[in-house]
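A structural walkthrough
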Amino acid sequence: CSRPGTVGLNTETDSTMTRLLTAAILAVALLVVNADDDYSAEFEKLDSRLDGITSRIHNLVAKIDSRVDPETIRKAHSLEERVIKLEGNQCGKREFQCGSKDPQCVPALFVCDGVKDCRNGHDEDNCDLPTNVGAQFDGHTITHSCNNHRPDTLGFEITKVRRDPYFQTVAFVRANVHLSYTDATKSFALHLPTTGYYNFGVRKLVLLPTNEERLIIVCDFDGYNFDRCQGSVKRESTLEVCSTVLFVRKQNDE
Ligand SMILES: [Ca+2]
């Protein structure tokens, strides 16, 4: 037989639960909305700061282009390239942007091949190699999940460079990668000879895997500042980035 009192109690309880749930959902929704509001404000602030910085850098580059100090010009272009990297340059992944005053995309393979492909010729303007023989870079590990031994030190030295006259866009290199790490009981130091290449079109140094862990070191230069590159370590099988590293040139007088 039925028990009306119990049914009534259950209905009341259900109603209370429904209201509580509704309130909880509303509270979560409000939190999400508020959180979105906070992030939107933060994004707007960053966006506006980036606009300001971009405009200042473009003005600076325009002003100093006529001066003769190549180091100052190089620094300004380096800043400009870093901003372009953040904002995107409207070209494809394997394309080169000829320049902000005369935007044009050309295939990255056409950069530094001895033939002017950009209307403004910028694809042939900046063809010095940042990784000449003897160049040494020390890494500062930012994130690391490649394995369970985060490096205490990580760096590389270029030992040989070869450029093929028929394929100037790429410089082939030999390098020594060194790294050290410490586990629970002792320290390890490894020196791993490897090969790789610098691609002028995308301004990337790639060092091929050195041991059974099959990790690739990729370092992105901005094409102007030869003293630093944004490094990432990738798994060869999946190309997943498992470590990020800032590489800074070791000065020879150290
Ligand atoms: Ca060219």
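Structural notes, computed from the coordinates. Throughout, a residue's number is its position along its own chain's written sequence, starting from 1. The predicted nature of this model means local features are confined to residues of pLDDT at least 70 and side-chain atom pairs, given and counted, to a pLDDT of 80 or more, with totals for whole chains, interfaces and linings taken over all residues. Excluding hydrogens and water, the side-chain figures rest on all heavy atoms present in the structure.

1. Description of the overall build of the chain
In this description a helix means any DSSP run of H or I spanning at least four residues, a strand means any run of E spanning at least two, and both kinds are numbered starting from the N terminus. Scanning the chain for helices and strands turns up two helices and ten strands. Listed by position from the N terminus, the elements making up the chain come as α-α-β-β-β-β-β-β-β-β-β-β. Counting the 254 residues in the chain, one finds 33% classified as buried. In what follows, residue pairs with any heavy atoms lying within 4.5 Å of each other are defined as contacts. When contacts within the chain are restricted to residue pairs at least 6 apart in sequence, long-range pairs at least 24 apart make up 42% of them. Accessible surface, the chain: about 16,300 Å² in total, of which carbon and sulfur atoms supply 55%. The rule is simple: take the accessible area with a 1.4 Å probe, protein chains only, and divide by the maximum for that residue type; under 20% is buried, over 50% is exposed, in between is partly exposed. Only the protein chains shown count as cover for residues, with accessible areas throughout obtained via the Shrake-Rupley method and a probe of 1.4 Å.

2. Quick word on the side chain of Gln104
As for its placement among the helices and strands, Gln104 is situated in the loop between strand E1 (95-97) and strand E2 (105-107). We classify Gln104 as buried; its relative accessible area is 17%. N or O atoms within 3.5 Å of each other form a polar contact, as long as, within protein, one can give a hydrogen and the other can take it, and as long as residues adjacent in sequence are counted only when both atoms are side-chain atoms. Only 2.8 Å separates the side chain of Gln104 from the backbone nitrogen of Arg119, close enough to count as a polar contact. Once you skip the residues sitting within four places of it in the chain, Gln104 turns out to touch Cys91, Phe96, Gln97, Cys98, Asp117, Cys118 and Arg119.

3. Some remarks on the sheet that holds strand E4 (residues 153-164)
If you trace the eight strands once around the closed barrel, you get E3-E4-E5-E6-E7-E8-E9-E10, paired in antiparallel fashion. Taken over all neighbouring pairs, the strand axes of this sheet differ in orientation by 30 degrees on average, direction set aside. Pairing between two strands is assigned when DSSP locates at least 2 bridges connecting them. Relative to strand E5 (residues 167-182), E4 is paired through eleven bridges, and the arrangement is antiparallel. Paired with Thr153 across the two strands is Ser180, which belongs to E5. Structural elements are reduced to axes, namely lines fitted to C-alpha atoms, with helices fitted over the stretch in contact, and the angle between N-to-C directions of any two is expressed from 0 to 180 degrees.

4. Remarks on unusual backbone geometry
For Cys112, which is not a glycine, the phi torsion comes out positive at approximately 60 degrees. By the secondary structure assignment, Cys112 is in the loop between E2 and strand E3 (136-144).

5. Observations regarding the state of the cysteines
Two cysteine sulfur atoms form a disulfide, by the criterion used here, when they sit within 2.5 Å. Scanning the entire structure with this criterion turns up five disulfides. Here Cys98 engages in a disulfide with Cys118; their sulfurs sit 2.0 Å apart. Every disulfide takes its handedness from the sign of the S-S torsion; for Cys98 and Cys118 that torsion is -80 degrees, giving left-handed. Placement of the pair is Cys98 in the loop between E1 and E2 and Cys118 in the loop between E2 and E3, with a sequence separation of 20 residues.

6. Focus on the pairing of E3
Here three bridges tie E3 to E4, and the two strands are oriented antiparallel to one another. Within E4, the residue paired with Phe137 across the bridge is Phe156. When E3 meets strand E10 (residues 241-249), the two strands line up antiparallel, connected through seven bridges. Bridge pairing in E10 places His144 opposite Ser243.

7. Focus on a nonpolar patch on the surface
A surface patch of nonpolar side chains, amounting to about 270 Å² of accessible area, comprises Leu109, Phe110 and Phe167. Structurally, Phe167 can be placed in strand E5. We classify Phe167 as partly exposed; its relative accessible area is 36%. Residues enter patches when their relative accessible area tops 30% and they take part in no salt bridge; the joining distance is 9 Å for like charges and 5 Å for the nonpolar side chains Val, Leu, Ile, Met, Phe, Trp and Tyr. Note on definitions: salt bridges are taken to be side-chain nitrogens of Lys or Arg within 4 Å of carboxyl oxygens of Asp or Glu.

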